[in-house]
Every structure is written in structure tokens, then in C-alpha cells.
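Here is what each chain is made of, one letter per residue.
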Amino acid sequence: MTTQPRPCSVARTLEVVGAKWTLLAVREMLLGKHRFDEIVRHTGAPRDILTTRLRSLEAEGLVTRVQYEERPPRFEYHLTDLGLSLGPIVATMREFGDRHLAGESGPPMRFEHTCGEEYHAVVACKACGQVVGRGEITRIDPVTTRVDIVLRRS
């Protein structure tokens, strides 16, 4: 039996940002840290690996490098609009970690929405705005038009 990997946008996305240090670097840029040394300090990434990850993000169009010092040449890293679109992914991962992995001390960071309330990431339908729960999503196979219920209830 041969393996036929499912064509999948999740797999394609992981090819670009699936490495640990990549998403942690994105997290730091989302939090306003743009200099290499700041990103190293707040992620704990080895410098050589972080350099590789930032170059990859730049090559993929997710990050732009801006020189802020000439001698020696030093750069800041800023997320492009494409890179900023990873924000909800990072927020959802943080929400999962806060809810299921934070331990007794609780979440290490808290965020507030502009409405004044504590911010919690949720997945909602773009069309109606309703928060999506288990069992409320269906997958429609474009080839067979078969419908599968996903996000099944446990």
C-alpha cells in the first residue's frame, strides 16, 4: 500500500512556518520586537538557526529586513501584511496553551481587546460572525461533492 498524502493547506503552511523557532520569531515581531538580539533573547533560539529562519521568512515574503545601522550593518525584521496574517494562528495557539498547558501559575501573558475586556482568541465564521463549535463545520470535497462533518463532537 502506497501513501498518498492529502493535498492540504495546513501541510503547505507548515512547510513555511512549521519550525519552532520560526513561529516564536513571528510571535516576537507581533509583540513589537524587531531587532535580532531582542528576538534571540525572547525566544532562546540559537543565533545560527534564527538567522536561517528569518532568511526563510524573508524569502517567503513574510518578513522584510530594514537596516537601522550602517557600521556595523544591523537590521530590524518586520512582518509584511502576509506575515501579519499569521497573527490569528499565533493567537489561537496561545489560547490553546493558556487553556490547556499553563499549569497552576496560569497564562504567562494576558491581552486586552480595545473594548476593555480580556482578549481570548476564538474561531468564528467570517460570514455570520458566530463562534464555531464542534460539529458545526462540514468539508465539501470539490471532486466528488461528498460532504463530511469535521470538528466532530467527542
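Anything mentioned here points back to the structure above.
So, here's what we can say about the structure. None of these values were measured; they are calculated from a predicted model.

## Examining the side chain of E28
- Mapped onto the elements of the fold, E28 is located in helix α2 (residues 20-30).
- A relative accessible area of 5% places E28 in the buried class.
- Among the polar contacts listed, one links the side chain of E28 to the side chain of R27, at a separation of 2.8 Å.
- Apart from residues no more than four positions distant in its own chain, E28 is found in contact with K33, I39, H42 and T43.

## Some remarks on the packing of aromatic side chains
- Under the counting rule described, the total for this entry stands at 0 aromatic pairs.
- For R35, the ring lying beneath its charged end belongs to Y68, and the centroid distance is 3.7 Å.
- Directly above the ring of F75 sits R65, whose terminal nitrogen or CZ lies 4.2 Å from the centroid.

## Concerning the layout of surface pockets
- Approximately 510 Å³ is the volume attributed to the second largest pocket.
- Of all the elements in the fold, those that place two or more residues in the lining of the second largest pocket are α2 and α6 (87-100).
- Looking at which element gives the most residues to the lining of the second largest pocket, the answer is α6, with 7 residues.
- Of the residues contributing to the lining of the second largest pocket, the split by class is 11 nonpolar, 2 polar and 4 charged.

## Some remarks on the side chain of E95
- Of note, E95 is situated in helix α6.
- On the basis of relative accessibility, which here comes to 8%, the residue E95 falls in the buried class.
- Apart from the residues lying within four places of it in its own chain, the contact partners of E95 are H120 and A121.

## Some points on the environment of L54
- Summarising the element assignment, L54 is placed in helix α4 (residues 47-59).
- The class for L54 is buried, based on a relative accessible area of 1%.
- For the pair L54 and K126, spaced 72 residues apart in sequence, the C-alpha to C-alpha distance is 31 Å.
- For L54, the residues in contact, after removing those within four places along its chain, are A25, M29, F36 and Y77.

## Comments concerning the pattern of salt bridges
- In this structure the tally under the stated criterion is 8 salt bridges.
- As a salt-bridge pair, R47 and D37 come within 3.0 Å of each other at their nearest N and O atoms. Of this pair, R47 sits in helix α4 while D37 sits in helix α3 (residues 36-43), and the two are 10 residues apart along the sequence.
- Note on R47: relative accessible area 47%, which makes it partly exposed.
- We note a salt bridge from R74 to E69, for which the minimum N-O separation is 3.6 Å.

## Considerations on the environment of E136
- Along the chain, E136 turns up in the loop between α6 and β3 (137-140).
- Residue classification places E136 among the partly exposed residues on the basis of a relative accessible area of 46%.
- It is 37 Å that separates the C-alpha atoms of E136 and E58, two residues lying 78 residues apart in sequence.
- Polar contacts involving the side chain of E136 include one to the main-chain amide nitrogen of G133, which spans 2.8 Å.

Parameters at a glance
- Residues numbered from 1 in each chain as written.
- Predicted model: local features only at pLDDT ≥ 70, side-chain atom pairs only at ≥ 80, totals over all residues.
- Heavy atoms only, no water.
- Helix = DSSP H or I, 4+ residues; strand = E, 2+ residues; numbered from the N terminus.
- Buried < 20%, exposed > 50% of the residue type's maximum accessible area, 1.4 Å probe, protein only.
- Polar contact = N/O pair within 3.5 Å; in protein donor to acceptor, adjacent residues only side chain to side chain.
- Contact = heavy atoms within 4.5 Å.
- Phe/Tyr/Trp six-rings, centres within 6.5 Å; stacked < 30°, edge-to-face > 60°.
- Lys NZ or Arg CZ within 6 Å of the ring centre and 35° of its normal.
- 1 Å grid on protein atoms, 1.4 Å probe; cavity = no way out; pocket = protein on both sides within 12 Å on 5 of 7 lines; lining within 4 Å.
- Points joined across faces, edges and corners; volume = space filled by probe spheres on them.
- Nonpolar A, V, L, I, M, F, W, Y, C, P; charged D, E, K, R; others polar.
- Salt bridge = Lys/Arg side-chain N within 4 Å of Asp/Glu carboxyl O.

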